[in-house]
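Observations on the model geometry
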Amino acid sequence: DVKVTQSSRYLVKRTGEKVFLECVQDMDHENMFWYRQDPGLGLRLIYFSYDVKMKEKGDIPEGYSVSREKKERFSLILESASTNQTSMYLCASSYRTYEQYFGPGTRLTVT
Amino acid sequence: AQRVTQPEKLLSVFKGAPVELKCNYSYSGSPELFWYVQYSRQRLQLLLRHISRESIKGFTADLNKGETSFHLKKPFAQEEDSAMYYCALNGGSNYKLTFGKGTLLTVNP
């Protein structure tokens, strides 16, 4: 079974803090994705990566950056957290297919 | 640009009733459509894809290119079908997906 893990299930941060969300997959998948999930807005792609050190912006990259130094790990960085970044963040991975395997999610609250 | 529309945010049916979750898409290329499901306190997971033409947990979905639709159907809903359902469309390069906004299905006893 593919396992995608995220570093925290719940996170509370203050406005202006730098926030790191980590995602690790154990199946040597090339593609990794970061989404935010908001009620009524569905899943929106923030960034994705198709190989180590390779990344592309998704639909809503503003205020976020990413890092992929190793194939199994994909980090989402909020440079200066703001209250409108309070959300559920989902990480996913895939290998040459459209079947994406999702992590459990991190519920981030920015106060 | 590709787009996925799920017109119903909420859908409520009684156990044993038929259920249809609507999905419409716009895409200039060759579409591949998927349904993903998220049960309460579980991860989002793939339910079915149009290419495989299979039935999963009693659900089926047929791609209708003329109507640009991929509706999810089940003849007799069960309480355990209560979940959030997302329709998704292939997004071009690198296996990206474009998701709809989701439909929360509640099956009442």
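Everything that follows concerns the structure shown earlier in this document.
Reference entry: report on the structure contained in this document. (Residues numbered from 1 in each chain as written. Chains lettered and ligands numbered in written order. Predicted model: local features only at pLDDT ≥ 70, side-chain atom pairs only at ≥ 80, totals over all residues. Heavy atoms only, no water.)

1. Considering the interface of chain B and chain A
At the junction of the two partners, chain B supplies 20 residues and chain A supplies 24 residues. Around 2000 Å² of area is buried between chain B and chain A when both sides are counted, 55% of it from carbon and sulfur atoms. On the chain B side of the contact with chain A, B:Arg43, B:Asn94 and B:Tyr95 bury the most area, a combined 35% of that side's loss. In this structure, the connection of chain B to chain A is made through one salt bridge. Linking chain B with chain A are nine residue pairs in polar contact (both at pLDDT 80 or more), by the criterion used here. In terms of residue count, the dominant contributor to the side of chain B that touches chain A is strand β5 (residues 33–38) of chain B (three residues). Here the residues of the side of chain B that touches chain A sort into eight nonpolar, six polar and six charged. (Contact = heavy atoms within 4.5 Å. Buried area = accessible area lost by both parts, 1.4 Å probe. Salt bridge = Lys/Arg side-chain N within 4 Å of Asp/Glu carboxyl O. Polar contact = N/O pair within 3.5 Å; in protein donor to acceptor, adjacent residues only side chain to side chain. Helix = DSSP H or I, 4+ residues; strand = E, 2+ residues; numbered from the N terminus. Nonpolar A, V, L, I, M, F, W, Y, C, P; charged D, E, K, R; others polar.)

2. As for the sheet that holds strand β3 (residues 19–25) of chain A
Residue and element names in this part refer to chain A. The sheet built from four strands is open, its strands ordered β1-β3-β8-β7 with antiparallel pairing. Each having just a single partner strand, β1 (4–6) and β7 (64–70) make up the two edges of the open sheet. Neighbour-to-neighbour, the strand axes of the sheet open up by a mean angle of 20°, direction not taken into account. In this sheet, β3 lies alongside β1 in antiparallel orientation, the contact comprising three bridges. By the bridge assignment, Val4 is partnered in β3 with Gln25. (Pairing = 2+ DSSP bridges. Axes fitted to C-alpha atoms, helices over the stretch in contact; angles between N-to-C directions.)

3. Looking at the sheet that holds strand β3 (residues 19–21) of chain B
All names here are of chain B. Strand order in the open sheet made by the three strands is β3-β8-β7, with antiparallel pairing throughout. For this open sheet the edge positions go to β3 and β7 (60–61), each flanked by a neighbour on one side alone. Sheet topology note: the β7/strand β8 (residues 72–74) ladder contains two bridges and is antiparallel. Directly across from Thr60, in β8, lies its bridge partner Lys73.

4. Describing the pairing of strand β8 (residues 73–78) of chain A
Residues and elements named next belong to chain A. Within β8, five of the six residues are buried, which leaves the element mostly enclosed by the surrounding structure. As defined by bridge partners, β3 adjoins β8 across six bridges and the pair is classed as antiparallel. By the bridge assignment for β8, Leu21 is matched with Leu76. Inspection of the sheet shows β7 paired to β8 by five bridges, in the antiparallel sense. Across the sheet, Ser65 pairs through a bridge with Ile77, a residue of β8. Connecting the antiparallel pair β7 and β8 is a turn made up of two residues. (Buried < 20%, exposed > 50% of the residue type's maximum accessible area, 1.4 Å probe, protein only.)

5. Structural notes on the nonpolar core
Core analysis: the biggest nonpolar cluster contains 24 residues, and B:Trp35, B:Leu72 and B:Tyr85 have the highest contact counts within it. Listed by contribution, the elements that provide at least two residues to this core are β2 (10–14), β3, β5, β6 (45–49), β9 (83–90) and β11 (103–108) of chain B. A:Val4, A:Ile46, A:Leu78 and A:Ala81 belong to the second largest nonpolar core, which has 20 residues in total. (Core = buried A, V, L, I, M, F, W, Y, C linked by side-chain atoms within 4.5 Å.)

6. Concerning the packing of aromatic side chains
Using the criterion set out here, one finds 13 aromatic pairs over all chains in the structure. Between B:Phe59 and B:Tyr85 the ring centres are 5.6 Å apart and the planes differ by 50°, which places this aromatic pair in the tilted class. Here B:Phe59 is found in the loop between β6 and β7, whereas its partner B:Tyr85 is found in strand β9, with 26 residues between them in sequence. Residue B:Phe59 shares its accessibility class with B:Tyr85, and that shared class is buried. Here a set of aromatic residues connected by ring pairs shows up, and it is made of A:Phe33, A:Tyr35, A:Phe48, A:Tyr50, A:Phe102, B:Tyr36, B:Tyr86 and B:Phe99. (Phe/Tyr/Trp six-rings, centres within 6.5 Å; stacked < 30°, edge-to-face > 60°.)

What is shown is where atoms sit, not what they do.
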